[in-house]
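Listed below are the residues making up each chain.
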Amino acid sequence: MLNLKAELKMSLLQLRQAINLEKQTWINRYTTNCYAYALGLDVPQNDIIDKAYIPGTMSGTGIKLDDNYIFTYNDLITNIYGDLDFLGISFREVSISEQLNEEEWKIAIFTSKCADYIEDIHFLRLRKDGFWYHKNGWIFNPSPFDDDEKIIMNPQTCSLCNKDFHQCLSLRLK
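Cut-offs used in this document
Residues numbered from 1 in each chain as written. Predicted model: local features only at pLDDT ≥ 70, side-chain atom pairs only at ≥ 80, totals over all residues. Heavy atoms only, no water. Helix = DSSP H or I, 4+ residues; strand = E, 2+ residues; numbered from the N terminus. Buried < 20%, exposed > 50% of the residue type's maximum accessible area, 1.4 Å probe, protein only. Contact = heavy atoms within 4.5 Å. Lys, Arg positive; Asp, Glu negative; His and termini not counted. Charge placed at Lys NZ, Arg CZ, Asp CG, Glu CD. Pairing = 2+ DSSP bridges. Patch = residues over 30% accessible without salt bridge, like charges linked within 9 Å, V, L, I, M, F, W, Y side chains within 5 Å. Areas by Shrake-Rupley, 256 points an atom, 1.4 Å probe, with all protein chains shown as cover. Salt bridge = Lys/Arg side-chain N within 4 Å of Asp/Glu carboxyl O. Phe/Tyr/Trp six-rings, centres within 6.5 Å; stacked < 30°, edge-to-face > 60°. Polar contact = N/O pair within 3.5 Å; in protein donor to acceptor, adjacent residues only side chain to side chain.

Draft legend 1. Geometry of the overall build of the protein. A tally of helices and strands in the protein yields 3 helices and 5 strands. Along the protein, helices (α) and strands (β) appear in the sequence α-α-α-β-β-β-β-β when read from the amino end. For the protein, with 174 residues in total, the buried portion stands at 46%. Relative to all contacts within the protein whose residues are 6 or more apart in sequence, the contacts with residues 24 or more apart total 57%. Here the protein carries 18 positive and 24 negative side-chain charges, and the mean point of each set is 5 Å from the other.

Here you go:
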C-alpha cells in the first residue's frame, strides 16, 4: 500500500468531517461522481487529491484503476475497502432488505463487464426516505431515478446503463 497522506490536500480529520449523509442539495456537481455521493463527500476531488473519486486513490491501495481500461472485481473491491479503512469507515456486506442501525448507511455497487473484467462502475446510496439515490457521472445532481425514469426502490431491479448489481455494503464511521 502506498502512503498518500503527504499528498493529500486535506487532513484525514477534515475528510471525515466532510462526510454528510443528510445533505439535501449537492453543491459540487461537476467535481464529484457517484463514488463521492455514496461516501457522502460533497468535496471537489482536487481539493482532496488528484482523481480522489477513483476507488483506491485516497488510500493508495491496490491497482490504479485509472491506469487500466479494464480491471477485475477483486481489484475494485480491494480499492474500495482500502479507501473505507483509510477514511475510518467500517463496512460489512449486507442484504438489500437488511435493517441498519441509525449510524449506518447502505451503498450498492454496480459494474459493467467485458468477459471477466470490469469496464465501468457505479454506486448508489440508500437515503432515509427509503429510495436509492445516485449521482450519474460528473454533471448530474443526485437522483432517485433509474434510466427508465422509475424511482429506485431496489437496486436489483433498477435499470442503470447496462450495469449489473453486485452487492450492498453497510458503512459506518468508526
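Read on, since the account is not over.
Draft legend 2. Region of the structure containing the sheet that holds strand 5 (residues 164–173). Strand order in the open sheet formed by 5 strands is 1-5-2-3-4, with antiparallel pairing between adjacent strands. Strands with a single pairing partner mark the edges of an open sheet, and in this sheet they are strand 1 (89–94) and strand 4 (132–133). As paired strands, strand 3 (residues 117–126) and strand 4 are joined by 2 bridges and run antiparallel to one another. In the strand pairing of strand 4, L126 is matched with W132.

Draft legend 3. Molecular detail of a nonpolar patch on the surface. Side chains of Y30, W138, I139 and F140 sit close together on the surface and give an oily, nonpolar patch of about 430 Å² of accessible area. On the secondary structure map, Y30 appears in the loop between helix 1 (12–18) and helix 2 (34–39).

Draft legend 4. Representation of the packing of aromatic side chains within the structure. A complete count under the given rule lists 4 aromatic pairs for this structure. Where F110 meets F165, the ring centres are 5.7 Å apart and the plane angle is 70°; that geometry is what we call edge-to-face. Residue F110 is found in strand 2 (residues 104–114), and its partner F165 is found in strand 5; the two are separated by 55 residues along the sequence. A relative accessible area of 22% places F165 in the partly exposed class.

Draft legend 5. Spotlight on the pairing of strand 2. Counted residue by residue, strand 2 has 9 buried out of 11 residues, so it is predominantly covered. Of the pairings in the sheet, the one linking strand 2 to strand 5 comprises 8 bridges and is antiparallel in character. In the strand pairing of strand 5, E104 is matched with R172. Of the strand pairs in this sheet, strand 2 and strand 3 are connected by 8 bridges, and their pairing is antiparallel. Across the sheet, the residue bridging to S112 is D120, located in strand 3.

Draft legend 6. Region of the structure containing the environment of D120. You can see D120 is positioned in strand 3. Measuring from C-alpha to C-alpha, the distance between D120 and F110 comes to 8.4 Å, with 10 residues separating the pair along the chain. For D120, the contacting residues outside a window of four places in its chain are F110, T111, S112 and K163. A polar side-chain atom of D120 sits 3.1 Å from a polar atom in the side chain of K163.

Draft legend 7. Highlighting the pairing of strand 5. For strand 1 and strand 5, the ladder comprises 6 bridges, and the chain directions are antiparallel. The residue bridging E93 from the neighbouring strand is L169, located in strand 5.

Draft legend 8. Region of the structure containing unusual backbone geometry. Positioned with a positive phi, K51 is a non-glycine residue whose angle comes to about 65°. Mapped onto the fold, K51 is located in the loop between helix 2 and helix 3 (73–87). A relative accessible area of 34% places K51 in the partly exposed class. In this model, C161 sits at a positive phi of 45°, which is unusual for a non-glycine residue. Structurally, C161 is set in the loop between strand 4 and strand 5.

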